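Observations on chain architecture
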Amino acid sequence: MKRLKLKASAFFFISAAMLMNNAWSEQEYKPDAGFVWKDGAEIYAKVCAYCHEANVGPKILNRELPVAYIRAIVRSGILAMPAFRSSEIDDESLAKLANFISQKASQH
Amino acid sequence: MASKYIALPKGVSEKDFDAAIVKFREILGNDSVLTSAEQLAPYTKTMMPVSDAEHTLSAALLATTVEQIQKIVAVCNQYKVPIWTISTGKNLGYGSAAPAERGQVVLDLKRMNRILEVDKDLAFALVEPGVTYQQLYDYIKEHKLGLWLSMPAPTAIAGPVGNTLDRGVGYTPYGEQFLFACGMEVVLANGEVLRTGMGSMPNSNTWQVFKWGYGPYLDGIFTQSNYGIVTKFGFWLMPAPPAFKPFAIQYQHEEDIVEIVETIRPLRISGVIPNAVVIAHALYEAPVTAKRSDYVSGPGSIPDEAVHRIMKDHKLGIWNVYAALYGTQEQIDVNWKIVMEAFLRSGKAKILTEEEVAEDAAFTYRAKLMCGEMTLTEFSLYNWRGGGGSMWFAPVSQARGSETLKQMALTKQILAKYGLDYSGEFIVGMRDMHHIVDVLYDKTDPEQVKAAYQCFDELLTEFSARGYGTYRVNTAFMDKVAETYGPVQRNIHKTLKKALDPNGILAPGKSGIR
Ligand SMILES: Cc1cc2nc3c(=O)[nH]c(=O)nc-3n(C[C@H](O)[C@H](O)[C@H](O)COP(=O)(O)OP(=O)(O)OC[C@H]3O[C@@H](n4cnc5c(N)ncnc54)[C@H](O)[C@@H]3O)c2cc1C
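Read on for an overview of the structure. (Residues numbered from 1 in each chain as written. Chains lettered and ligands numbered in written order. Predicted model: local features only at pLDDT ≥ 70, side-chain atom pairs only at ≥ 80, totals over all residues. Heavy atoms only, no water.)

With 36 residues of chain A at the interface, the matching set in chain B holds 49 residues. Both faces combined, the contact of chain A with chain B buries some 3,300 Å², and carbon together with sulfur accounts for 56% of it. For the interface between chain A and chain B, the tally reads three salt bridges. The partner of B:Asp138 in a salt bridge is A:Lys46, with the nearest N and O atoms 2.7 Å apart. On the surface where chain A and chain B come into contact, there are 13 residue pairs in polar contact (both at pLDDT 80 or more). Of all the secondary-structure elements, those providing two or more residues to the side of chain A that touches chain B are α2 (40–52) and α3 (67–76) of chain A. (Contact = heavy atoms within 4.5 Å. Buried area = accessible area lost by both parts, 1.4 Å probe. Salt bridge = Lys/Arg side-chain N within 4 Å of Asp/Glu carboxyl O. Polar contact = N/O pair within 3.5 Å; in protein donor to acceptor, adjacent residues only side chain to side chain. Helix = DSSP H or I, 4+ residues; strand = E, 2+ residues; numbered from the N terminus.)

What follows is about the sheet that holds strand β4 (residues 105–108) of chain B. All names here are of chain B. A sheet is described by the order of its strands in space; here four strands give the open sequence β1-β2-β4-β3, paired in mixed fashion. A single partner strand is all that each edge strand has here, and the edge strands are β1 (33–34) and β3 (83–86). Here four bridges tie strand β2 (residues 59–62) to β4, and the two strands are oriented parallel to one another. Bridge pairing links Ala-60 to Val-106 in β4. Lying over the sheet, helix α1 (residues 14–28) contacts β1, β2 and β4, oriented at roughly 20 degrees with respect to β2. Against the sheet, helix α3 (residues 66–79) touches β2, β3 and β4, its axis set at about 155 degrees to β3. (Pairing = 2+ DSSP bridges. Axes fitted to C-alpha atoms, helices over the stretch in contact; angles between N-to-C directions.)

Our focus in this paragraph is the environment of A:Asp91. Residue and element names in this part refer to chain A. By secondary structure assignment, the location of Asp-91 is in helix α4 (residues 91–102). The class of Asp-91 is exposed, set by a relative accessible area of 53%. Considering only alpha carbons, one finds Asp-91 and Ile-73, 18 residues apart in sequence, at a separation of 13 Å. In contact with Asp-91, other than residues within four places in its own chain, are Arg-75 and Ser-86. At a separation of 2.9 Å, a polar atom in the side chain of Asp-91 contacts the side chain of Arg-75. (Buried < 20%, exposed > 50% of the residue type's maximum accessible area, 1.4 Å probe, protein only.)

Spelled out as structure tokens, the structure:
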């Protein structure tokens with residue numbers, strides 16, 4: 001128990017020293033861990049649907065659009081549709097999103 | 001030998017750039033330094049009437065920590081590599097995620113996306129640059145904080161840091177975003193980290209509650225500028241009011257803009273109507289439900305006669321005012337009476353509330369913007385012409401009826417000369433109006449590209465000749481607009497630039513500053 005405590009305070013010292021040049025430490029915040037997408041359905045609902053279910057873009061669900069085509073359009077954008085960078089939708093999440101969109105109706 | 005890069009920064013040899021890239025990879029890891037054409041494709045789409053090649057980046061760096069950014073600027077200083085910082089990167093119609101000049105490296109902070117603090121009692125937030133409005137909205141909902149966001153129309157996909165740093169506007173009572181900014185953390189070109197205002201003092205807990213700090217106020221110089229890289233950003237949020245009443249007011253004649261503005265100004269200045277009211281022309285609202293091709297074909301701007309048919313078919317006024325009341329039901333009832341009396345006086349206004357127009361798509365999205373709900377419906381503007389071309393023409397006007405009429409007429413006349421339509425609106429500020437015109441054109445048609453460029457250039461020339469300045473502009477016209485504000489301001493901007501960033505590594509060209 002004692003050793004554990006020691007270790008913890010040694011770690012604290014090092015990380016505090018690393019930040020000393022800023023004179024404040026990050027510990028004042030208990031931030032959330034940063035954002036990651038849960039799955040394809042979430043991205044569809046929180047990005048694509050605002051246009052594709054609102055008469056801005058054409059319907060894209062239930063058309064069995066090819067996965068590669070969806071991925072290409074998301075990365076390049078097309079006319080009124082902005083492009084989305086890998087920093088916004090990472091490659092892995094985009095693969096899930098494309099699968100989600102190209103699935104048959106019954107699977108949504 | 002062909003370069004392995006799709007572009008190179010001005011004046012940097014490929015050998016030096018190679019060396020810089022190696023160092024960037026050491027700092028960030030291979031996967032966070034993008035250089036291939038495929039990886040960079042999403043950064044190259046712009047809506048401006050110039051070749052995207054003029055704004056093609058050389059690389060993108062996906063940093064997530066302050067320490068990484070400090071190391072990156074050190075490398076940039078060593079090799080004189082310019083970096084263009086974006087937060088959420090959705091500056092659509094102002095340059096999108098592309099840099100001001102070909103070859104600049106984009107520092108993309110989208111992945112630096114922690115919500116550091118949202119204080120329910122004091123109603124403020126402190127976030128990193130990559131946080132989107134959607135992310136913050138979900139966080140507030142999840143933690144039941146009862147706070148509202150003030151957002152630009154691209155809501156879900158944009159974010160508070162980028163929008164406020166470009167001095168954008170939203171539609172709630174907190175619509176003039178920068179008024180509600182409170183405290184920034186900035187990495188300077190020399191690698192130092194500045195916290196503005198009260199944040200400069202160690203152990204202070206007032207960074208997000210008192211804007212001014214001590215001594216000259218610095219936050220302003222980091223907006224629309226290239227003096228630093230903002231890594232944390234504080235701002236105030238509006239407590240959700242117990243009641244909210246959005247409404248629309250329609251007028252039938254273009255000259256009625258005089259009466260509209262004269263009626264709204266006192267209500268806005270006295271706070272009876274607290275939010276950033278919008279006065280949208282029929283052609284700004286029509287694309288939500290109407291197709292241009294159903295009314296006109298061939299070249300030339302849309303004739304007034306067709307606009308009147310659209311108004312009739314789609315139940316629009318030529319001017320459509322959107323505003324809202326906020327507070328307790330009692331407060332709203334009192335203010336509603338004042339608003340009704342003011343607008344009904346002349347007999348020209350048609351007042352519509354949720355009871356009449358809840359189903360109307362244009363009203364619905366405007367109401368969402370006024371209460372901080374997500375929508376991207378305004379992107380229907382780009383289906384009007386099609387072809388994905390757009391520039392925001394954004395002159396500032398006095399909130400005075402005679403002035404708005406003059407600006408509208410001049411804009412329409414210049415647009416018509418180039419065969420373009422007046423898709424305009426006025427956003428009512430505290431004393432000003434942001435006159436916002438979406439100069440829409442078909443970017444796939446070289447003739448329209450040329451016309452749009454010349455048209456925009458003429459708009460800037462003619463407006464500045466009359467003393468009308470623009471508040472913000474796309475990256476192709478930044479120098480031109482900087483010129484219109486005169487040599488003294490330009491010199492000061494340059495002096496500050498030299499002092500803070502002697503090697504000129506941060507976003508050269510932003511607001512015409514190098
Ligand atoms: C249909 C439509 C409607 C729109 N409506 C509105 C509207 O109502 N109001 C409005 O304001 N805009 C509007 N816009 C324009 C634009 O999309 C928004 O302003 C958007 O918020 C800007 O993108 P962003 O938030 O992702 O910021 P970013 O693109 O991340 O940043 C914008 C700029 O700020 C600077 N910057 C960003 N991050 C940093 C940093 N960390 N440090 C230093 N400098 C930085 C850079 O110069 C950058 O180019 C609209 C666009 C469209 C297409």
